[in-house]
Amino acid sequence: MKKGIILIFVGLITILFLVGCPGPQKVQLLITTESPVNLTEGNTQTIGFGTVPESATVEFSSDNEDVATVDANSGEITAIASGTTDIKVRASAAGYESVEKVITVNVTDYEISITYSPDPMVLEAGGQDGSITVNFPFTSNISFSNPVLTCSSSCVKIVPPILPLYEYNYSIVPQSAGNGVITVSATATIGSGDNTKVKTKTETINVTVN
């Protein structure tokens, strides 16, 4: 009888011990970058984060590196091709339970835009200039050649921009009465090696000078 009571007592003590001693705490992981992250091909963005304890190790991985890659240590995302992927952020530390969070990344195709004013391009000799703008909407990892503008007529003069960056603004200066066609050709390249992509856009603009 006494032996049974002792066993019951030991069992109760064991249960109380297990209840009173929970497992290790989880690492606290705070992601300061909002999800989803929207990028254009060739752009980059670094995921912001904080942890408790501060000494926690944080690792990053991409579910689809054909869409976007991520530096395993720094969290810098590089957009590769249009599509959607998840970036997993995992934080771990000795004596703590690891935690993982997910950030969705949407990648869209990059575009070269060509706009002009006035539209249609009808100018007055000796009057106000027209304009053509070629825009490369990128912020990193992009190389591009200067757009080429040619005109089939001497009725206008094309004045190129000074120190262009991602946007080229050309002045179209009316010279004499006549008609012509301005051809605009622009090329941009992103990536390298097997991920190299080249995009070219060509537009023709009819111009009339009265």
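Residues numbered from 1 in each chain as written. Predicted model: local features only at pLDDT ≥ 70, side-chain atom pairs only at ≥ 80, totals over all residues. Heavy atoms only, no water.

A look at the overall build of the protein
Scanning the protein from terminus to terminus reveals 1 helix and 17 strands. Counting every position in the protein, which comprises 210 residues, the buried fraction comes to 33%. For the protein, contacts bridging at least 24 residues in sequence account for 59% of all contacts bridging at least 6. Accessible area of the protein: about 12,300 Å², with a carbon and sulfur share of 53%. (Helix = DSSP H or I, 4+ residues; strand = E, 2+ residues; numbered from the N terminus. Buried < 20%, exposed > 50% of the residue type's maximum accessible area, 1.4 Å probe, protein only. Contact = heavy atoms within 4.5 Å. Areas by Shrake-Rupley, 256 points an atom, 1.4 Å probe, with all protein chains shown as cover.)

Re the confidence of the model for the protein
In the predicted model, the protein carries a mean pLDDT of 87, and 87% of its residues have values of at least 70. The low-confidence segment residues 15–19 (pLDDT under 50) makes 0 contacts with residues lying over four places distant or belonging to another chain. (pLDDT = per-residue confidence, 0-100.)

A word on the sheet that holds strand β12 (residues 130–135)
Pairing between the strands of a sheet is mediated by backbone hydrogen bonds and can be parallel or antiparallel. The 4 strands are arranged β10-β12-β15-β14 in an open sheet whose pairing can be described as antiparallel. Where the open sheet ends on each side, the last strands, each with one partner, are β10 (113–117) and β14 (156–159). Put simply, the sheet's adjacent strands are angled 20° from each other on average, direction ignored. Note that β12 and strand β15 (residues 167–174) share 6 bridges and pair antiparallel. Bridge assignment links Gly-130 to a residue of β15, and that residue is Ile-172. (Pairing = 2+ DSSP bridges. Axes fitted to C-alpha atoms, helices over the stretch in contact; angles between N-to-C directions.)

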